[in-house]
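What follows is the residue order along each chain.
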Amino acid sequence: MRRLVFLLLLSSVCFFTLSEVVDNNFSKCKKFFLNNAPPDFTPALGVSVGLTPICQCLWNDNDEQVYLYATLYSTTWKIPVYSAYKFGSPNIGRCDVWYIEPQLDGDEEPCMRPTGYGKNIGKNQAVYKDYKNYKDYNKGHLYPVLHTNNHLSMLATSTLTNAAPQSASFNQIQWLKHEKAVIEDLKSCDDPLQAYVVTGVVPNLDQNVPKLNGKVTVSLYYWRAFCCLKGDQYTGKGYYGPDNGEVKELTIIKLQEKLIGFYNTVTNIFTKLQIFPSIPKDRLPKKPRIEYVCN
């Protein structure tokens, strides 16, 4: 009854979404990772940035939980490290109703709730008011609406656990252009709807760069990588930006090398970083190796 009442209250603002904080293995949403293997972001010894796996999900009309993508969230930086999803051909409108994850702050409520829910939300995550009065930054989606193909997925992208402070001009011009370009790149896959995508954020850890509302770390770079079948082997590409105001395209191996350098500029955070750590053995690249491999 409680859930039904809440759903009715929200019916006028699109739909009710939720997510679920889970164990370290993403056990309920491994299907969004290639070969069920999450990216390997191994922290340096003694380093903790509050890495918390979240299976992003919502209730459908039959009161069933539907998992839509996965997010690794930093409760220290108050932004996601990455979101992983399977590509969806874009044919859906947009409805920005922003949500938060009560469980990150110890609330007993098991489901995501709209911003403004609860009295003690915000210690371990960003909330809507943290972004107010910062015109230079947008709430930049990692899993973007442009890469969804149904109403539920579209709604589930608008959670603050799937966003970080991103330069407004970069978000609205270069990064949007890039999101559209990825759609074109994926047309080279045997089946674009079977492509695995991971999008992440490198935090700006420069002490001279203010955090939003004194707590939310702004982004230094956004990055993305996809992997899909082409012929009899997996192929993919990497992207990051801004680099001189643009989004750069490179191999996934080169992207991983750059990310290690970016993350460890100020202090040693990750000792290992592999976006697609487990390619099925029967799909390993054959000789001659193609340039754009997935690992």
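Below is a short write-up of the structure. Keep in mind the model is a prediction, meaning the values are calculated, not measured. (Residues numbered from 1 in each chain as written. Predicted model: local features only at pLDDT ≥ 70, side-chain atom pairs only at ≥ 80, totals over all residues. Heavy atoms only, no water.)

**Notes on the overall build of the protein**
Now for step 1: When its secondary structure is counted, the protein shows four helices and 14 strands.
Now for step 2: Within the protein, buried positions represent 54% of all 295 residues.
Now for step 3: Contacts spanning at least 24 positions in sequence make up 68% of the contacts within the protein whose residues lie at least 6 apart. (Helix = DSSP H or I, 4+ residues; strand = E, 2+ residues; numbered from the N terminus. Buried < 20%, exposed > 50% of the residue type's maximum accessible area, 1.4 Å probe, protein only. Contact = heavy atoms within 4.5 Å.)

**Here we look at the packing of aromatic side chains**
Now for step 1: This model, assessed by the stated rule, comprises 14 aromatic pairs.
Now for step 2: Seen in terms of ring centroids, Y69 and Y143 are 4.8 Å apart; in terms of plane orientation they differ by 70 degrees. Their pairing is edge-to-face. One end of the pair, Y69, is in strand β4 (residues 65–74); the other, Y143, is in the loop between β8 (137–141) and α2 (151–156), with 74 residues separating them in the sequence. As far as the burial class goes, Y69 and Y143 line up, both buried.
Now for step 3: Ring pairs connect the aromatic residues F41, Y82, W223, Y263 and F270, which therefore count as one cluster. (Phe/Tyr/Trp six-rings, centres within 6.5 Å; stacked < 30°, edge-to-face > 60°.)

**Re helix α3 (residues 168–185)**
Now for step 1: The end-to-end C-alpha distance of α3, which contains 18 residues, comes to 25 Å, matching closely the 26 Å that a straight helix rising 1.5 Å per residue would cover.
Now for step 2: Along α3, the helix axis deviates most sharply at W175, where the bend reaches about 35 degrees.
Now for step 3: Turning to α3, its buried residues are A168, F170, N171, W175, H178, E179, V182 and I183. (Expected span 1.5 Å × (residues − 1). Bend = angle between axes of the 7 residues up to and from the residue.)

**As for the layout of surface pockets**
Now for step 1: Counted as a void, the largest pocket has a volume near 350 Å³.
Now for step 2: Lining the largest pocket are 18 residues, and of these R94, K139, G140, H141 and N171 lie nearest its centre.
Now for step 3: Taken together, the elements giving at least two residues each to the lining of the largest pocket come down to β8 and α3.
Now for step 4: In terms of residue count, the dominant contributor to the lining of the largest pocket is β8 (five residues).
Now for step 5: Tallied by class, the residues present in the lining of the largest pocket amount to nine nonpolar, four polar and five charged. (1 Å grid on protein atoms, 1.4 Å probe; cavity = no way out; pocket = protein on both sides within 12 Å on 5 of 7 lines; lining within 4 Å. Points joined across faces, edges and corners; volume = space filled by probe spheres on them. Nonpolar A, V, L, I, M, F, W, Y, C, P; charged D, E, K, R; others polar.)

**Quick notes on unusual backbone geometry**
Now for step 1: With omega at 5 degrees, the peptide bond leading from G241 into P242 counts as cis.
Now for step 2: Take P242: it is sitting in strand β12 (residues 233–243).
Now for step 3: Although it is not a glycine, N35 adopts a positive phi angle of roughly 60 degrees.
Now for step 4: Secondary-structure assignment places N35 in the loop between β1 (17–21) and β2 (40–43).
Now for step 5: Given a relative accessible area of 39%, N35 falls into the partly exposed group.

**With respect to the state of the cysteines**
Now for step 1: Using the criterion set out here, one finds three disulfides in the structure.
Now for step 2: A disulfide bridge connects C189 with C228, and the sulfur atoms are separated by 2.0 Å. Taking the torsion about the sulfur-sulfur bond, which here is approximately -80 degrees, the covalent link between C189 and C228 counts as left-handed. Remark: C228 occurs in strand β11 (residues 219–230) and C189 occurs in the loop between α3 and β10 (196–203); sequence separation between them is 39 residues.
Now for step 3: The class for C189 is buried, based on a relative accessible area of 6%. (Disulfide = S-S within 2.5 Å.)

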